[in-house]
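Residues per chain, in single letters:
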Amino acid sequence: MEIRTLRYFLEVAREENMSKAAERLHVSQSTLSKQLRKLEEELGKKLFLRHSFSIELTEEGRLLRKRAEDLLSMADKITAEFSAMDDVIGGEIYFGCAESFQIRYLARVIRKFKEQYPAFHYHITSGDTEQVTEKLEKGVLDFAVVVEEPDRKKYHALRFPDSDLWGLVMPSSCDLAQKQAVTFEDLRGLPLFCSAQGWLADLPRWCGDRLEELKLEASFRLSYNGSVFVREGLGYLLTFEHLVDTSRESGLVFRPLSPSLKTNMYLIWKKNQIFTPIAEQFIRELKNFMP
C-alpha cells in the first residue's frame, strides 16, 4: 500500500466525485480509477459505491478513511521532522488540546516562541483527553494537553498554573440560577449533560458512589454543543468555568458546585521521544513558563 495511493483515496473521499478529485490531483481520471481499483483488490474490500455523478464510501471505506488520515499525518510529520533535524530556527510542532480556559497559557508561550523563531509553525488538534492521548500514542502529535492526572511512567508532564472549576450551566431564567452555588441535592432529578470523561473520572471525586443517583441525559465532547441544548431547555450542563458564553446576552449562567470541585491540567509528551531541535527548544521554554 503506497502513500501516494492513500492520498488519492482521501481526495476522492473528500470530493465524492472522481473527475473533480482527478483534477485536483493533476492526474487523469483513468489513472485515478485504476489506482483505486488496485487498492480495493489489495484490501479485498469494496471501498466505494459508484453512482452516476458521485461516489459514496462503504463502511470499509469509512474505516480506511480514518486510518489513512492518521497514516498520512504521520508520514507528513516524519518528513517535516527530518527536514528540521538541523534547523534550530524553525520547524513544526503538533499539539492536541483538551478544552480549558488554561489553553491561553499555551497560546502565550507559542506567541513568544513565534517572536523568537519566525520559521516555527504549529498545528492544533482539539479533542477530549481520550482523543488527544490516542493521537499522541500513535505519534501523530508531539504534545497533548489533558485534564486528568497523567501516567507518569509513560509521560513527562508539566502542570498548568491554575485549575479548572466545575459548575453547572443553566438558563438564567430558571430558579436554580438564583443560587450562588449548586449542591448535589440541587442536581437530583435534573436532566444533566456532561462529558463522558468528566462524568466517570471527575464527578465521583465530588459525590463518590452517589453518582448513580444523578441522571445523565446525554454526553458531549464539546461544551459548546452542550450549551446549545441547555439553551433549548433540554437539560443542564456540567462543565468547566469559562468554556461557555454566560454573558448577560447569552441567556445562560454558570454556578460553581458546592463543595468546590477542581481539575488540574497538564501538558504531556512521551518518555524517550526523540524531538527535533525546535521541539527541544520549545520544551525548555515551557519549563521556564510552567516550572
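Scroll up to find the structure this text is about.
Remember, it's a predicted structure, so these values are computed and weren't measured experimentally. (Residues numbered from 1 in each chain as written. Predicted model: local features only at pLDDT ≥ 70, side-chain atom pairs only at ≥ 80, totals over all residues. Heavy atoms only, no water.)

A. Structural context of the overall build of the protein. The helix and strand inventory of the protein stands at ten helices and eleven strands. In terms of its C-alpha atoms, the protein occupies a principal-axis envelope of roughly 65 × 50 × 40 Å. Surface exposure of the protein reaches about 15900 Å², of which carbon and sulfur atoms provide 49%. Charge centroids of the protein, computed over 41 positive and 44 negative side chains, lie 2 Å from each other. (Helix = DSSP H or I, 4+ residues; strand = E, 2+ residues; numbered from the N terminus. Areas by Shrake-Rupley, 256 points an atom, 1.4 Å probe, with all protein chains shown as cover. Lys, Arg positive; Asp, Glu negative; His and termini not counted. Charge placed at Lys NZ, Arg CZ, Asp CG, Glu CD.)

B. Inspection of the pattern of salt bridges at higher detail. This structure, assessed with the given rule, holds 18 salt bridges. For Arg188, the salt bridge is made with Glu185, and the minimal N-O distance between the two is 3.5 Å. Glu217 is paired through a salt bridge with Lys215; the nearest N and O atoms lie 3.4 Å apart. Through salt bridges with shared partners, a single ionic network connects Glu11, Arg14, Glu15 and Arg24. (Salt bridge = Lys/Arg side-chain N within 4 Å of Asp/Glu carboxyl O.)

C. Unusual backbone geometry, seen in detail. Pro259 follows Ser258 through a cis peptide bond whose omega is 0°. For Pro259, the location among the structural elements is in the loop between strand 10 (252–256) and strand 11 (262–270). One non-glycine residue, His242, lies in the positive phi region at around 80°.

D. Structural detail: the side chain of Asp164. One can find Asp164 in strand 6 (residues 155–171). Of the polar contacts made by the side chain of Asp164, one reaches the side chain of Gln102; its length is 3.3 Å. (Polar contact = N/O pair within 3.5 Å; in protein donor to acceptor, adjacent residues only side chain to side chain.)

E. Spotlight on the packing of helix 2 (residues 18–25) against helix 3 (residues 29–43). As a packed pair, helix 2 and helix 3 sit with axes 9 Å apart at the nearest point and diverge in direction by 105°. Taken together, the axes of helix 2 and helix 3 lie roughly perpendicular to each other. Mapping the contact onto sequence places Met18, Ser19, Ala21, Ala22 and Leu25 in helix 2 and Gln29, Leu32, Ser33 and Leu36 in helix 3. Classifying every residue of the contact of helix 2 with helix 3 by side-chain character gives six nonpolar, three polar and no charged. (Axes fitted to C-alpha atoms, helices over the stretch in contact; angles between N-to-C directions. Parallel < 35°, antiparallel > 145°, perpendicular 65-115°, else oblique. Contact = heavy atoms within 4.5 Å. Nonpolar A, V, L, I, M, F, W, Y, C, P; charged D, E, K, R; others polar.)

F. Structural view of the pairing of strand 11. Bridge count for strand 5 (residues 143–146) against strand 11 is three bridges, and the pairing is antiparallel. Bridge pairing in strand 11 places Val146 opposite Tyr266. Pairing between strand 6 and strand 11: eight bridges, direction antiparallel. The residue of strand 11 that forms the bridge with Leu158 is Leu267. (Pairing = 2+ DSSP bridges.)

G. Local environment of the packing of aromatic side chains. If you walk through the whole model with that rule in mind, you get 16 aromatic pairs. Arranged with centres 6.1 Å apart and planes meeting at 50°, the rings of Phe184 and Trp206 form a pair that is tilted. One end of the pair, Phe184, is in helix 7 (residues 184–187); the other, Trp206, is in helix 8 (residues 196–207), and 22 residues separate them in sequence. We classify Phe184 as buried; its relative accessible area is 9%. Site record: aromatic cluster; members linked through ring pairs are Phe95, Phe113, Tyr117, Phe120, Tyr122, Phe143, Trp269, Phe275 and Phe282. (Phe/Tyr/Trp six-rings, centres within 6.5 Å; stacked < 30°, edge-to-face > 60°. Buried < 20%, exposed > 50% of the residue type's maximum accessible area, 1.4 Å probe, protein only.)

H. Here's a closer look at the nonpolar core. Grouped together as the largest cluster of nonpolar side chains are 50 residues, with contacts concentrated most on Leu106, Leu187, Leu238 and Phe282. Beyond its immediate sequence surroundings of up to four residues, Leu106 is in contact with Phe95, Cys97, Val145, Phe160, Leu267, Phe282 and Leu286. Core analysis: the next-biggest nonpolar cluster, separate from the first, contains 19 residues, Tyr8, Phe9, Ala21 and Ile55 among them. (Core = buried A, V, L, I, M, F, W, Y, C linked by side-chain atoms within 4.5 Å.)

I. Expanded view of helix 3. Over its 15 residues, helix 3 runs 21 Å from end to end, which matches the ideal 21 Å to within 8%, given 1.5 Å per residue. Three or more residues of helix 3 are buried, namely Leu32, Ser33, Gln35, Leu36, Leu39 and Glu40. Buried residues along helix 3 cover an arc of 165° about the axis, so they all sit on one side. Within helix 3, the exposed residues directed more than 90 degrees away from the buried face are Ser30, Lys34 and Glu41. Just downstream of helix 3 lies Gly44, where phi reads positive at about 70°. (Expected span 1.5 Å × (residues − 1). Arc of directions from axis to C-beta.)

J. Region of interest: the packing of helix 1 (residues 3–15) against helix 3. At a minimum axis separation of 10 Å, helix 1 and helix 3 run at an interaxial angle of 110°. Taken together, the axes of helix 1 and helix 3 are roughly perpendicular relative to one another. Every residue of helix 3 that contacts helix 1 at Arg4, Thr5, Tyr8, Phe9 and Val12 is listed here: Leu32, Gln35, Leu36 and Leu39. By residue class, the composition of the contact of helix 1 with helix 3 is six nonpolar, two polar and one charged.

Coordinates in, geometry out; function isn't part of it.
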